Amino acid sequence: MVAELTALRDQIDTVDKALLDLLAKRLELVAEVGEVKSRYGLPIYVPEREASMLASRRKEAEALGVPPDLIEDILRRVMRESYTSENDKGFKTLNPALRPVVIVGGKGQMGSLFARMLTLSGYNVKTLDKEDWDRAPSLLNDAGMVIISVPIHLTEQVIAQLPPLPEDCILVDLASV
């Protein structure tokens, strides 16, 4: 009995190793998909593709005698990891020559989201918040882009308070509504 159990457990270990190898390969492919999506500006999450893929895998699982709910649970967890991986690796620097990006309101919810996304994309990101106004001239003197991310009712007032920006600096208003 012990030898029989050991042999079966060894086979399970072999299958588990194969599953790990397949998951690693899937994550590599997901990274490549993220690269392509980033290059062409495509969204990471495509609900129609996810629904179609899950429906197909459920049918295939059923045909193999695997509970469809099991495969859907596993795939949903794998996809969640894939989306995270695509988000973290799919951002690219589209303009490497861009001087620092300064986010006014960069410590708020929207501002910190933009800061994270731009940092993941490889840009040099600085933040300017209300307690930093004394440093505004030095933070903004070499800015390639300034993003205003403050509540909409403060947008005009904040822009009016900005020191002179470099002549070729891009000013972007991404105010919260």
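Just so we're clear, the structure is a prediction, and the values are computed from it rather than from any experiment. (Residues numbered from 1 in each chain as written. Predicted model: local features only at pLDDT ≥ 70, side-chain atom pairs only at ≥ 80, totals over all residues. Heavy atoms only, no water.)

This part is about the overall build of the protein chain. Regarding its fold elements, the protein chain presents six helices and four strands. Reading the secondary structure of the protein chain in the N-to-C direction produces α-α-α-β-α-β-α-β-α-β. Computed over its C-alpha atoms, the radius of gyration of the protein chain comes to 24 Å, more than 25% above the 16 Å expected for a compact globule of 177 residues. Its C-alpha atoms give the protein chain principal-axis dimensions of roughly 80 × 30 × 30 Å. Of all 177 residues assigned to the protein chain, the portion counted as buried reaches 30%. Excluding contacts between residues fewer than 6 apart, the proportion of contacts in the protein chain whose partners are at least 24 apart in sequence is 68%. (Helix = DSSP H or I, 4+ residues; strand = E, 2+ residues; numbered from the N terminus. Rg over C-alpha atoms; globule rule 2.2 N^0.38 Å. Buried < 20%, exposed > 50% of the residue type's maximum accessible area, 1.4 Å probe, protein only. Contact = heavy atoms within 4.5 Å.)

With that out of the way, let us pick up the environment of Ala97. Residue placement: Ala97 occurs in the loop between helix H3 (68-89) and strand E1 (101-104). For Ala97, a relative accessible area of 66% corresponds to the exposed category. Taking the C-alpha atoms as reference points, Ala97 and Tyr123, 26 residues apart in sequence, are found 9.4 Å from one another.

Attention now moves to helix H2 (residues 47-63). Given 3.6 residues per helical turn, the α-helix brings residues three or four places apart onto the same face. In this model, H2 (17 residues) spans 25 Å end to end at C-alpha, consistent with the 24 Å of a helix rising 1.5 Å per residue. For H2, the full list of buried residues reads Glu50, Met53, Leu54 and Ala61. Taken down its axis, H2 places every buried residue within 100° of arc, on the same side. H2 presents Glu48, Lys59, Glu62 and Ala63 as exposed residues on the side facing more than 90 degrees away from its buried surface. Count one or two residues on from H2 and you reach Gly65, which has phi positive near 80°. (Expected span 1.5 Å × (residues − 1). Arc of directions from axis to C-beta.)

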